[in-house]
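Here's the letter readout for the chains.
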Amino acid sequence: MTLLLDIILVIGSIAMLWKGADWLVEAASEIAHSLKISDLIIGLTVVAFGTSAPEFAVTIRAAITGQTDISIGNVVGSNIFNLGFILGGTAMIRAIKITPKLLYRDGFFLFSVTLLIYVLFFGVNGWDIGDNISVFEGSILFLTLIGYILFLFIKKETIEETHPKSATLNSYAYFFLGLFMIVLGGHLMVEHASSLARAFGVSDWVIAVTIVAAGTSAPELATSLTAALKEKHGMAIGNLIGSDLFNLLGVLGLAGIINPTYIQADIHSSIIVLIIMVLMVLIMMRTGWRISRAEGTLLVSLNLVRWYLDFAG
């Protein structure tokens with residue numbers, strides 16, 4: 001009976017995360033467009049924050065309760081999931097156009113941040129920084145995110161697309177309602193995914209980088225797919241790059257500030273996979289300034305292999 005209840009609540013939490021993020025993103029988008037901000041900047045910031053809210057909720061909750069496997073595993077798994085299944089799956093349905101600015105400014109910044117995370121976790125050339133994310137390191141990550149957001153808004157771009165709706169009182173109501181559903185859904189996800197992991201003899205780490213990561217990445221999937229189908233390519237991929245940056249800098253940074261997060265050795269291979277995935281996406285973005293359906297298929301295939309290896313291990 002307990003197992004059935006866990007399954008029902010995990011499914012329910014995913015539904016809450018999805019719908020809550022949907023309301024949050026739509027409302028935030030209307031508010032942002034009322035301020036005359038371009039779709040690319042919205043994708044990289046407001047929409048990315050909204051779709052990263054489940055990762056914030058799950059990871060911060062896990063950090064507070066000391067469940068570091070889920071805290072870090074959720075971020076790493078979500079980022080790989082974003083670039084593999086979501087970006088790849090979206091490109092399989094419709095090729096995504098890329099701009100030089102998106103590649104050279106935002107794409108390379110994501111790659112640099114991913115390498116920084118590796119150095120903070122494991123050091124380089126024998127330089128051992130430590131085996132946890134300290135309050136100091138967490139603060140550096142979080143402040144880097146704040147600086148990046150300020151830079152984007154100071155260097156505002158010309159609006160290329162318009163939004164059919166302006167912000168209303170309902171926009172603000174849905175924003176806060178969506179945020180509440182995401183926080184509650186994140187709490188339920190951590191509690192009952194952990195219970196399922198123990199029941200099936202699967203480690204918290206594997207559950208975090210697969211099932212929990214997929215559940216919390218659901219808003220990114222809905223947002224990017226919808227944006228691509230509506231020919232809003234900047235928002236489609238900007239949402240994913242921005243979400244990955246929010247995860248690495250904001251979520252991990254805040255988790256480190258709240259509770260210094262211990263780094264386990266088995267995270268090493270997943271970080272390497274993430275670095276390779278980001279580099280592959282950058283190369284795909286540059287070849288023809290688009291991510292084609294064939295490239296999308298490759299990204300999805302690589303993620304399927306990774307999932308198999310995670311479970312097999």
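All residue numbers refer to position in the chain's written sequence, counted from 1. The model is predicted, so local features are restricted to residues of pLDDT at least 70 and side-chain atom pairs to those at 80 or more, both for listing and for counting; the totals for chains, interfaces and linings are taken over all residues. Where side-chain values are given, they derive from all heavy atoms of the structure, hydrogens and water being excluded.

Caption draft 1: Representation of the overall build of the protein in the model. Under the scheme used here, helices are H or I runs from DSSP no shorter than 4 residues and strands are E runs no shorter than 2 residues, and both carry numbers assigned from the N terminus. On a plain count of helices and strands, the protein comes out with 12 helices and four strands. For the protein, with 313 residues in total, the buried portion stands at 53%. Note on contacts: a residue pair is in contact if any heavy atoms of the two residues lie within 4.5 Å. Residue pairs at least 24 apart in sequence account for 86% of intrachain contacts in the protein once pairs closer than 6 positions are excluded. Here the Shrake-Rupley method, with its probe set to 1.4 Å, supplies the accessible areas, and only the displayed protein chains count as covering residues. Carbon and sulfur atoms make up 69% of the accessible area of the protein, which totals about 13300 Å². Burial classes follow relative accessibility: with a 1.4 Å probe on protein chains only, a residue under 20% of its type's maximum area counts as buried, one over 50% as exposed, and anything between as partly exposed.

Caption draft 2: Quick peek at the packing of helix 5 (residues 100-122) against helix 11 (residues 268-286). Look at helix 5 against helix 11: their axes get within 10 Å of each other, and the N-to-C directions meet at 165°. Accordingly, the angle class assigned to the pair helix 5 and helix 11 is roughly antiparallel. Crossing angle aside, the handedness with which helix 5 passes helix 11 is left-handed. The class makeup of the residues in the contact of helix 5 with helix 11 is 19 nonpolar, three polar and one charged. In this analysis an axis means a line fitted to C-alpha atoms, helices contributing only their contacting stretch, and an angle means the value between N-to-C directions, from 0 to 180 degrees. In what follows, roughly perpendicular refers to angles from 65 to 115 degrees, roughly parallel to angles under 35, roughly antiparallel to angles over 145, and oblique to any angle outside these ranges. Handedness of a helix crossing follows the sense of rotation of the near helix relative to the far helix, less than a right angle counterclockwise being left-handed and clockwise being right-handed. Under the scheme applied here, ten amino acids are nonpolar (Ala, Val, Leu, Ile, Met, Phe, Trp, Tyr, Cys and Pro), four are charged (Asp, Glu, Lys and Arg), and all others, including Gly, are polar.

Caption draft 3: The arrangement of helix 9 (residues 218-229) in detail. To estimate the expected span of a helix, subtract one from its residue number and multiply by 1.5 Å. Here helix 9 is 12 residues long and its end C-alpha atoms lie 17 Å apart, about the 16 Å a rise of 1.5 Å per residue gives. Phi turns positive one or two residues past the end of helix 9, at glutamate 231, with a value near 65°.

Caption draft 4: Fine view of unusual backbone geometry. Of note, the phi angle at tryptophan 289 is positive, near 55°, even though the residue is not glycine. Overall, the relative accessible area of 26% leaves tryptophan 289 in the partly exposed class.

Caption draft 5: Main features of the packing of aromatic side chains. A pair of aromatic rings is counted whenever rings of Phe, Tyr or Trp (Trp by its six-membered ring) have centres within 6.5 Å, and the orientation is called stacked for planes under 30 degrees apart, edge-to-face for over 60 and tilted otherwise. In total, this model carries eight aromatic pairs according to the counting rule given. Ring geometry for phenylalanine 49 against phenylalanine 56: centres 6.0 Å apart, planes inclined by 55°, an arrangement best described as tilted. Their ring planes at 15° and their centres at 5.9 Å tell us that tyrosine 104 and phenylalanine 108 sit as a pair that is stacked. Here phenylalanine 108 and tyrosine 104 lie together in helix 5, a separation of four residues that amounts to about one turn. Of the residues examined, tyrosine 104 reaches a relative accessible area of 47% and is grouped as partly exposed. In this structure phenylalanine 108 comes out as partly exposed when scored by relative accessible area, which is 38%. Members of the aromatic cluster, connected to one another through ring pairs, are Phe49, Phe56 and Phe246.

Caption draft 6: Layout of the pattern of salt bridges. The salt bridge definition used is simple: a Lys or Arg side-chain nitrogen within 4 Å of an Asp or Glu carboxyl oxygen. Counting across every chain of the model gives two salt bridges. The partner of aspartate 22 in a salt bridge is lysine 19, with the nearest N and O atoms 3.5 Å apart. Linking aspartate 22 with lysine 19, this pair stays in helix 1 (residues 2-34), spanning three residues, or about one helical turn. Relative accessible area serves as the criterion here: at 35%, lysine 19 is assigned to the partly exposed category.

Caption draft 7: Structural detail: the environment of valine 135. Structurally, valine 135 is set in helix 6 (residues 135-154). Taking the relative accessible area as the measure of exposure, valine 135 reaches 39% and is therefore partly exposed. Separated by 121 residues in the primary sequence, valine 135 and glycine 256 place their C-alpha atoms 5.3 Å from one another. Aside from chain neighbours lying at most four places away, what touches valine 135 is Gly256, Ile257 and Pro260.

Caption draft 8: Highlighting the side chain of glutamate 220. Of note, glutamate 220 is situated in helix 9. A distance of 2.5 Å separates polar atoms of two side chains, one belonging to glutamate 220 and the other to serine 243. Discounting residues that sit within four places of it in the chain, glutamate 220 has contacts with Thr51, Ser52, Glu55, Asn82, Ile86, Asn239, Leu240 and Ser243. Pairing of N or O atoms within 3.5 Å defines a polar contact, subject to two protein rules: one partner must be a possible hydrogen donor and the other a possible acceptor, and residues neighboring in sequence count only if both atoms are side-chain atoms.

Caption draft 9: Looking closely at the packing of helix 3 (residues 46-64) against helix 9. It is at 8 Å that the axes of helix 3 and helix 9 come closest, and there the two elements cross at 155°. One finds that helix 3 runs roughly antiparallel with respect to helix 9. Contacts between helix 3 and helix 9 involve Val47, Thr51, Ser52, Pro54 and Glu55 from the first element and Pro219, Glu220 and Thr223 from the second. Tallied by class, residues from the contact of helix 3 with helix 9 come to three nonpolar, three polar and two charged.

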